[in-house]
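Residue-level listing of the chains:
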Amino acid sequence: KQWYQRRVRVPVSIAMVQDETVIGHYRLSESLENERWCVVESVIISAEHRGLGLGLQLMRHCIDLATSLSMKEIFLSTKDKMGFYAKLGFVESFPVSILSKVNAMFRGKHFLDKSAAK
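Residues numbered from 1 in each chain as written. Predicted model: local features only at pLDDT ≥ 70, side-chain atom pairs only at ≥ 80, totals over all residues. Heavy atoms only, no water.

Q: Report on the side chain of Thr78, specifying residues and quantitative values.
A: Looking at where Thr78 falls in the secondary structure, it is placed in strand β5 (residues 73-78). By relative accessible area, Thr78 is classed as buried at 6%. There is a polar contact of 3.0 Å between the side chain of Thr78 and the backbone nitrogen of Lys81. (Helix = DSSP H or I, 4+ residues; strand = E, 2+ residues; numbered from the N terminus. Buried < 20%, exposed > 50% of the residue type's maximum accessible area, 1.4 Å probe, protein only. Polar contact = N/O pair within 3.5 Å; in protein donor to acceptor, adjacent residues only side chain to side chain.)

Okay, structure coming up:
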């Protein structure tokens, strides 16, 4: 797998690419509440590549990137994947805000948090 990123500061979109085809993606944005908090958005693995451990690989990359950017907390919102994110150390949390059109999608979902400290 190759990793392509548009920028090296938040917000940043990361694509997982295989054979010149995007098979996964996430976006990392800064929280409005604290410049050392980030929010993971738009985590996706293409349907035909699910169940292969690529989601874990994608999220580990996300956590490593957030840590390298000196982020102290990583937040995300999920409706039904709490078990998946718990494997990575995320726990239930309070809502956070980002400057994004995606904010409207966060209403009514579970918020999760992970300390970026290893």
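On we go.
Q: Please give an account of the pattern of salt bridges that cites residues and values.
A: For the structure shown, the criterion picks out one salt bridge. For Glu41, the salt bridge goes to Arg27, with nearest N and O atoms at 3.6 Å. Of this pair, Glu41 sits in strand β4 (residues 37-45) while Arg27 sits in strand β3 (residues 21-30), placing them 14 residues apart in sequence. Since its relative accessible area comes to 1%, Glu41 is described here as buried. Judged by its relative accessible area of 21%, Arg27 is partly exposed. (Salt bridge = Lys/Arg side-chain N within 4 Å of Asp/Glu carboxyl O.)

Q: Outline the side chain of Ser31, listing residues and values.
A: When you line up the elements, Ser31 lands in the loop between β3 and β4. Judged by its relative accessible area of 2%, Ser31 falls in the buried class. Not counting residues up to four positions away in its chain, the partners in contact with Ser31 are Trp37, Cys38, Val39, Val96, Ser97 and Ile98. (Contact = heavy atoms within 4.5 Å.)

Q: Could you give an account of the pairing of β4, naming the residues involved and the relevant values?
A: Examined bridge by bridge, β3 and β4 share six bridges and lie antiparallel to one another. Paired with His25 across the strands is Ile44, a residue of β4. In textbook terms, the turn of a hairpin is the stretch between consecutive antiparallel strands, and for β3 and β4 this stretch comprises six residues. Relative to β5, β4 runs parallel, the two being bridged by four bridges. The residue of β5 that forms the bridge with Cys38 is Ile74. Running through helix α1 (residues 54-68), the crossover from β4 to the neighbouring parallel element β5 is right-handed. (Pairing = 2+ DSSP bridges. Right-handed = clockwise from strand over helix to strand, strands pointing away.)

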